[in-house]
Amino acid sequence: MSTAISPLAPTNVPEMPQIDGVRLATAAAGIRYKNRTDVLLALFDKGTTVAGVFTKSKCPSAAVDWCRAKLKGGEARALVVNSGNANAFTGKTGKQATTLTASIAAKATGSAPAKIFLASTGVIGEPLDATKFNGVLDDLAKAAEPDGWMNAATAIMTTDTFPKVATATVKLGKARVTINGMAKGAGMIAPDMATMLSFIFTDAPISAGALQSLLKAGVEDTFNAVTIDGDTSTSDTLLAFATGAAAAHGAPKITRASDPRLKAFTRAFNGILADLAEQVARDGEGARKLVEVVVEGATSKTSARKIAMSIANSPLVKTAIAGEDANWGRVVMAVGKAGEPANRDKLSIAFNGIRVATKGARDPSYDEKEVSALMKQPKIQIKVGLGLGKGRDRVLTCDLTKEYVAINGDYRS
């Protein structure tokens, strides 16, 4: 966790309202660092449904394995998150740590281990000493309150420079329902079905199946459209919890994601995911520029995504942006290497709305001074037109600076 806040951090942080059926508490368990909160416990009322999407890494963390197995039950009573240790690549000891953590949490909360969900973030390859949760989770269960969202978002940070939260209120039937979300992530970010760690909470009465469908669809153009460094974590976890408490105030029980009564909720839900995903991009390790890559005129949306990711993950493109250099030749390179249909002589490229290249050559009206001035802005848009079809996509990334190397060069030191 950095002491220097990213210059791209949001200037307005929302007030996080309470959600009926959710209580939170944090503590310092000494997982890796001294004198900082590193454990979050979220408690849920009976009947809370759960959904989740996880990393596609072939080397997933023990916590990811645990959650995947327990997700089939569809119900959650508690969430335990620790920072400082990813409990990944830890063999049998990692599995034992998840079992012990869930057992301690179940005893502290009076629920079954199968209804305890876990997430760990931090260093890979170091055993997690789950005995450190003894006593701590008992105290947290007693201290948990409906407030404390910012403390919760702070407790799960590692190299993040600011806590990431979002909230929305929307009408469902006759009731107003609330959606709160938090996320952490600044490096090792190239999500594949999830983000580093993110948690969504609502009081809407939504079945586990419907919630799963919402989450799976919503993640594609939000968290899965963000990259910091092209590296997909072993620990990517995105969980959503629905307490159903709003049913007492007139909210209808939803069993299908396609239910027309869910339209406004779905928009708000996806808005929370998009907000948190952008905050992750804004907090990229060492970032000074938020970068939006838009690809249009591709043969398909899938093709546009692959080309956009090729541009967004290019170290040469990202370092050019860090140097405030509109080096469109590097964008051409990234388009050409993506392995997707592209025609050099139809290609057009624009930086922040100023076209710099068209029809396979530099734009005749290109003005170096004009474009250089635009590159000093904190948000840079790279728009690529392929001229081949109607496929379009958009991804977010950030620049690549010396600070990224410094942060990751001494991460374990």
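The protein goes by Arginine biosynthesis bifunctional protein ArgJ in an unreviewed UniProt entry, where it is assigned to Candidatus Afipia apatlaquensis. Per UniProt, the comment on the protein under Subcellular location (unreviewed entry) is "Cytoplasm". Listed in UniProt under the heading Sequence similarities (unreviewed entry), the comment for the protein reads: "Belongs to the ArgJ family."

Draft legend 1. How the structure looks around the overall build of the protein. Each helix and strand in the protein was counted, giving 11 helices and 15 strands. Computed over its C-alpha atoms, the radius of gyration of the protein comes to 22 Å, within 12% of the 22 Å expected for a compact globule of 413 residues. Taken along the three principal axes of its C-alpha coordinates, the protein extends 70 × 55 × 35 Å. Scored against the burial criterion, the 413 residues of the protein give a buried share of 55%. Contacts in the protein between residues far apart in sequence, at least 24 positions, make up 81% of those at least 6 positions apart.

Draft legend 2. Quick look at a negative patch on the surface. Taken together, the side chains of D325, D367, E368 and E370 present a region of like negative charge at the surface. Looking at the secondary structure, you find D367 in the loop between β13 (361-362) and α10 (368-374). Using a relative accessible area of 36% as the deciding quantity, one classes D367 as partly exposed.

Draft legend 3. Representation of the packing of helix α5 (residues 208-218) against helix α6 (residues 263-282) within the structure. One way to put it is that α5 packs onto α6 with a least axis distance of 10 Å and a crossing angle of 50°. Considered as vectors, α5 and α6 are oriented oblique to each other. Viewed along their axes, α5 and α6 form a crossing whose handedness is right-handed. Where α5 approaches α6, its residues L211, L214, L215 and G218 are matched on the opposing element by F265, T266, F269, N270 and L273. Along the lines of polarity and charge, the residues of the contact of α5 with α6 split into six nonpolar, three polar and no charged.

Draft legend 4. Structural detail: the nonpolar core. By size, the foremost hydrophobic cluster in this structure holds 55 residues, and its most contacted members are L79, L137, M182, F199 and F201. Residues contacting F201, with those up to four places away along its chain left out, are I19, V22, A42, F44, L79, W149, T178, I179, N180, M182 and F241. Counting 44 residues, the second-largest nonpolar core is a separate cluster that includes I179, I206, I272 and L273.

Draft legend 5. Helix α7 (residues 301-312), seen in detail. Between the first and last C-alpha of α7 there are 16 Å, a value that for 12 residues agrees with the 16 Å anticipated at 1.5 Å per step. Among the 12 residues that make up α7, nine are buried, leaving the element largely enclosed by the rest of the structure. Among all positions of α7, only S303, A304, R305, I307, A308, M309, S310, I311 and A312 are buried. Those residues of α7 hidden inside the fold are in contact with β10 (290-298), α8 (315-322), α9 (328-337), β14 (379-385) and β15 (391-398).

Draft legend 6. Main features of the sheet that holds strand β4 (residues 78-85). Strand order in the open sheet formed by four strands is β1-β2-β4-β5, and the pairing between neighbours is mixed. Strands at the two margins of the open sheet, each flanked by one partner only, are β1 (22-27) and β5 (116-123). Pairs of neighbouring strands in the sheet enclose a mean axial angle of 15°, with direction left out of account. Where strand β2 (residues 39-44) meets β4, five bridges bridge the pair, whose relative direction is antiparallel. Paired with A42 across the two strands is L79, which belongs to β4. The strands touched by helix α2 (residues 91-109) within the sheet are β2, β4 and β5, with β5 carrying the most contacts at an inclination of about 130°. Each of β1, β2 and β4 touches helix α3 (residues 136-143); the most contacted strand, β1, lies at about 140° to it.

Draft legend 7. Region of interest: the pattern of salt bridges. Tallied over the full model, the rule gives 17 salt bridges. For E296, the salt bridge goes to R392, with nearest N and O atoms at 3.2 Å. You can see E296 sitting in strand β10 and its partner R392 sitting in strand β15, a full 96 residues away along the chain. The exposure class of E296 is partly exposed, given its relative accessible area of 28%. Of the charged contacts in the structure, one is a salt bridge between K376 and E324, with a shortest N-O distance of 3.3 Å.

Conventions used here
Residues numbered from 1 in each chain as written. Predicted model: local features only at pLDDT ≥ 70, side-chain atom pairs only at ≥ 80, totals over all residues. Heavy atoms only, no water. UniProt positions renumbered as here; feature names shortened; annotations may be inferred. Helix = DSSP H or I, 4+ residues; strand = E, 2+ residues; numbered from the N terminus. Rg over C-alpha atoms; globule rule 2.2 N^0.38 Å. Buried < 20%, exposed > 50% of the residue type's maximum accessible area, 1.4 Å probe, protein only. Contact = heavy atoms within 4.5 Å. Patch = residues over 30% accessible without salt bridge, like charges linked within 9 Å, V, L, I, M, F, W, Y side chains within 5 Å. Areas by Shrake-Rupley, 256 points an atom, 1.4 Å probe, with all protein chains shown as cover. Salt bridge = Lys/Arg side-chain N within 4 Å of Asp/Glu carboxyl O. Lys, Arg positive; Asp, Glu negative; His and termini not counted. Charge placed at Lys NZ, Arg CZ, Asp CG, Glu CD. Axes fitted to C-alpha atoms, helices over the stretch in contact; angles between N-to-C directions. Parallel < 35°, antiparallel > 145°, perpendicular 65-115°, else oblique. Left-handed = near helix turned anticlockwise from the far one by under 90°. Nonpolar A, V, L, I, M, F, W, Y, C, P; charged D, E, K, R; others polar. Core = buried A, V, L, I, M, F, W, Y, C linked by side-chain atoms within 4.5 Å. Expected span 1.5 Å × (residues − 1). Pairing = 2+ DSSP bridges.

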